[in-house]
Amino acid sequence: MNKINPKKLLNSKWTAVAPQNKEKHFLITKVKFDEEGEVIHCEIEAVMTKRSESIDWNILKNSDHWLLGWT
């Protein structure tokens, strides 16, 4: 289980455990918070292809799918 501080999420680096389409390394490029400081939007971008998509940032906590940093 990855521990994540939502305030440090922006520009954090992630490695997909099971890469698809040669996309292994990712950056968090956008994070939006509501008035209470809860994450309401998170966007992740593949470093190699520059493809980006919105994700639920809580899935990054699952170390079976995501590793913190680039490995």
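Residues numbered from 1 in each chain as written. Predicted model: local features only at pLDDT ≥ 70, side-chain atom pairs only at ≥ 80, totals over all residues. Heavy atoms only, no water.

K.L.:
Help me out: how do you make sense of the overall build of the chain in this one?
P.N.:
Looking only at helices and strands, one finds zero helices and five strands in the chain. Its helices and strands taken in sequence order, the chain reads β-β-β-β-β from the N to the C terminus. Considered along the principal axes of its C-alpha atoms, the chain spans approximately 35 × 25 × 15 Å. The 71 residues of the chain split such that 28% are buried. In the chain, once contacts between residues fewer than 6 apart in sequence are set aside, the share between residues at least 24 apart is 42%. Summed over all atoms, the accessible surface of the chain reaches about 5000 Å², with 52% contributed by carbon and sulfur. The positive charge centre, built from 11 side chains, and the negative charge centre, built from 10, are 9 Å apart in the chain. (Helix = DSSP H or I, 4+ residues; strand = E, 2+ residues; numbered from the N terminus. Buried < 20%, exposed > 50% of the residue type's maximum accessible area, 1.4 Å probe, protein only. Contact = heavy atoms within 4.5 Å. Areas by Shrake-Rupley, 256 points an atom, 1.4 Å probe, with all protein chains shown as cover. Lys, Arg positive; Asp, Glu negative; His and termini not counted. Charge placed at Lys NZ, Arg CZ, Asp CG, Glu CD.)

K.L.:
Honestly, the sheet that holds strand β1 (residues 13-20) in this entry has me stumped. Any pointers?
P.N.:
By definition, the strands of a sheet pair up through backbone hydrogen bonds, in either a parallel or an antiparallel sense. A sheet is described by the order of its strands in space; here five strands give the open sequence β4-β3-β2-β1-β5, paired in antiparallel fashion. The strands lining the two open edges of the sheet, one partner per strand, are β4 (52-54) and β5 (66-68). For this sheet, the mean inter-axis angle between neighbouring strands, taken without regard to orientation, is 30°. Pairing between β1 and strand β2 (residues 23-33): four bridges, direction antiparallel. Paired with Q20 across the bridge in β2 is E23. (Pairing = 2+ DSSP bridges. Axes fitted to C-alpha atoms, helices over the stretch in contact; angles between N-to-C directions.)

K.L.:
Help me understand the nonpolar core, please; the structure alone is not making it clear to me.
P.N.:
Side chains of nonpolar character tend, in soluble globular proteins, to be buried together. By size, the foremost hydrophobic cluster in this structure holds 15 residues, and its most contacted members are L9, I28, C42 and L60. If you list the elements that add at least two residues to this core, you get β1, β2 and β3 (39-46). At four residues, the largest contribution of residues to this core is made by β3. Not counting the four nearest positions on each side in its chain, L9 is found in contact with I4, I28, V31, C42, W57 and L60. (Core = buried A, V, L, I, M, F, W, Y, C linked by side-chain atoms within 4.5 Å.)

K.L.:
Which parts of the structure should I look at to understand the layout of surface pockets?
P.N.:
The rolling of a water-molecule-sized probe over the atoms marks out the regions of remaining empty space. Of the pockets and cavities examined, the largest pocket occupies roughly 280 Å³. If you go around the largest pocket, you meet 15 residues; those closest to its centre are A16, A18, Q20, F26 and W66. Secondary-structure elements contributing two or more residues to the lining of the largest pocket are β1 and β2. By residue number, the principal contributor to the lining of the largest pocket is β1, which donates five residues. Considering only residue class, the lining of the largest pocket consists of nine nonpolar, three polar and three charged. (1 Å grid on protein atoms, 1.4 Å probe; cavity = no way out; pocket = protein on both sides within 12 Å on 5 of 7 lines; lining within 4 Å. Points joined across faces, edges and corners; volume = space filled by probe spheres on them. Nonpolar A, V, L, I, M, F, W, Y, C, P; charged D, E, K, R; others polar.)

K.L.:
How should I be thinking about the confidence of the model for the chain in this particular structure?
P.N.:
Predicted coordinates in regions of low pLDDT should not be interpreted in detail. For the chain, the mean per-residue pLDDT works out to 96, and 100% of the residues sit at or above 70. Ranking the helices and strands of the chain by mean pLDDT puts β2 first, with 98, and β5 last, with 96. (pLDDT = per-residue confidence, 0-100.)

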